[in-house]
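Each chain, letter by letter, is given below.
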Amino acid sequence: MVLPKESGLDHSVNLLKEGYCFIPNRMRASNTSVIQTRLLGQKVICIRGQEAAELFYNQDLFKRQGAAPRRILKSLFGKGGVQGLDEQAHKHRKTLFMDLMTCDSLKKIKQIAEKQWEIAIKRWEAIEEVELFHELEKLMCITACQWTGVPIRAINLNTRTSDLSAMIDAFGAAGPRHWRGRIARKRAEKWITYIVEEVRHSNIIIDSNTPLYKITWHRDLSGELLDVHTAAVEVLNLLRPITAIGRFITFSTLALYEFPEAKQEIMSGDNRDQNKEMFVQEVRRYYPFAPFTGARVNRDFTWNHVLFKKNTLVLLDIYGTNHDSTLWENPYTFNPKRFLKWEGNPFNFIPQGGGEYDLGHRCAGEWITIELMKSSLHFLTERMSYEIPEQDLRYSLKRMPAIPANRLIINHVRRCSY
C-alpha cells in the first residue's frame, strides 16, 4: 500500500478551519483509513477504525510522552499528568485513578449530582430563560468538587466553573479562546496547588476516602510524594472532565428535542434503565466530543504495508471511528437501538478513548460520564418540564469542541411531582 500524503508545507490552519472533519475529509478523498499530513511543522500519520484503534492502544508500539503539543499542555492537560506517562509510571499513576472508580464511589457522585439537580431546578423555576449549557457546567463543577473533596465557596463557583470550561474550550482553538484557556489553567493550578499544600500542612482537614486526599498523599514509584504542582494537575484531571460532562448532557437535551421518538422510548416500557443507557451511548457516539487523540511511535514497525517510524506523531480519528460506516450502520442517523446488539468492543466505540481501563489510556472516568448522563435523563424526562424556545440549535463541526450555537436556551421550567 502506498501511503496517501497530503501535499503542502503545513495544514494546521486547515485543521482549525475544518475541525472534526479534517481527518475524515482527507480519508474520504483518498478512500483510505490511513493518511499522512503535516501539522505544527511535523509529519503526522492519521488512522481510523477498529483495527487502527487496536494498533494505537498497543503500548509496545506507541508512547504518550511528547505526543501532546505544548499549547495543549498549557491549556487542557497541564504538565506531568497521567495522560503523558508511559510504561510503569503510567500503570502506577493509572491505578490511583482506577481505585477511585469503585461502586460506592460511583454511587456517591451520582447522589451528589442528583441533589444538585434538585437545587438547580428550583433555581431555574425563578429564571425567565436558562442558558442550559453553562448551568450544566456549573452543576457538574460543584458535583466534581463535592465528590473529590475540594472545598469551594458559593461566591467562587462561577469563577471556578468558568476556568474549567475555558480549559476545555481551548482545545482546537487559536487566538483569544486559546489564551483564555491558558490563563484559566494557570489560575486553576494555583487554586488547587494551594489546597494541596493546605491539606499536607493539616490546615484543611478532609476525609481520607476522598479523591483529593488520595491524590495529595499519593507516592510515585520511588516512594516520593507527588510534587504539589503534579498533584494539582491530577486533581484537575478529575474536576475538568467531570465539568465537561455538562457538554454531553447538553447534547442529550438536544437529542431529546430533535428525536422525540427516542425520548418516548425512554419514558415508556419496562426497560427504562436499558433504554437510558442505549440513549446515552448513542449521544456519546453521534454528537461531537473529542475529535482525535495522539501518540508517538515507540519503535519502527510496519502496519498494513505502511512504515511507522520511531517518534512519528500519530492521530487516531475518534470522531471518524465513531461514524465509520464499516462499523456502524447508517452512522449519521441517531439510533439508540443500535446498542442492543453492541458487544462492548473497546476499540470500535471510543468517545473517550479505547483499549483497557486498568492499564491502558482509556479514560478512567468513563463510568462516571455514563452514570451522570443516565441520571440526568431522569431529571430531563421525569423530574422537570421545560420548553425550548426558537433559537439556533445548530452546532458546527468546524468548532472544537462543538456546542449548540445558542448554548441551548430553555424556559418555563417547572418541577414535576411524578
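Anything mentioned here points back to the structure above.
Residues numbered from 1 in each chain as written. Predicted model: local features only at pLDDT ≥ 70, side-chain atom pairs only at ≥ 80, totals over all residues. Heavy atoms only, no water.

Caption draft 1: Focus on the sheet that holds strand β2 (residues 42–47). Reading across the sheet, the 5 strands line up as β1-β2-β8-β5-β3 and stay open at both edges, with mixed pairing between neighbours. Either end of the sheet is taken by a strand with one partner, and the two such strands are β1 (34–39) and β3 (62–63). Taken together, the 5 bridges between strand β5 (residues 292–297) and strand β8 (residues 313–317) define a ladder with antiparallel strand orientation. Bridge pairing links F292 to D317 in β8. Docked against the sheet, helix α2 (residues 22–30) engages β1, β2, β5 and β8, running at close to 130° with respect to β1. (Pairing = 2+ DSSP bridges. Helix = DSSP H or I, 4+ residues; strand = E, 2+ residues; numbered from the N terminus. Contact = heavy atoms within 4.5 Å. Axes fitted to C-alpha atoms, helices over the stretch in contact; angles between N-to-C directions.)

Caption draft 2: Geometry of the sheet that holds strand β10 (residues 409–415). Spatially, β4-β10-β9 is the arrangement adopted by the 3 strands of the open sheet, whose pairing is antiparallel. A strand with exactly one partner marks an edge of an open sheet, and here the two such strands are β4 (129–131) and β9 (384–387). In this sheet, neighbouring strand axes are inclined to one another by 50° on average, regardless of whether the strands run parallel or antiparallel. Pairing of β4 with β10, which is carried by 3 bridges, proceeds in the antiparallel orientation. Within β10, the residue paired with V130 across the bridge is I410. In this fold helix α6 (residues 103–124) packs onto β4, β9 and β10, with an angle of close to 105° to the strand it touches most, β10.

Caption draft 3: Representation of the environment of E277 within the structure. By secondary structure assignment, the location of E277 is in helix α13 (residues 272–286). As a C-alpha pair, E277 and F339 span 62 residues in sequence and 8.8 Å in three-dimensional space. Contacts of E277, omitting those with residues within four sequence positions, involve I370 and K374.

Caption draft 4: Seen up close, the packing of helix α11 (residues 228–258) against helix α15 (residues 366–383). Taken N-terminus to C-terminus, the directions of α11 and α15 make an angle of 45°; their axes are 10 Å apart at the nearest point. Classified by the angle between their axes, α11 and α15 sit oblique to one another. In the crossing of α11 with α15, the sense of the turn from one axis to the other is right-handed. Contacts from I242, I245, F248, I249, S252, T253 and L256 in α11 reach I368, T369, L372, M373, S376, L377, L380 and T381 in α15. (Parallel < 35°, antiparallel > 145°, perpendicular 65-115°, else oblique. Left-handed = near helix turned anticlockwise from the far one by under 90°.)

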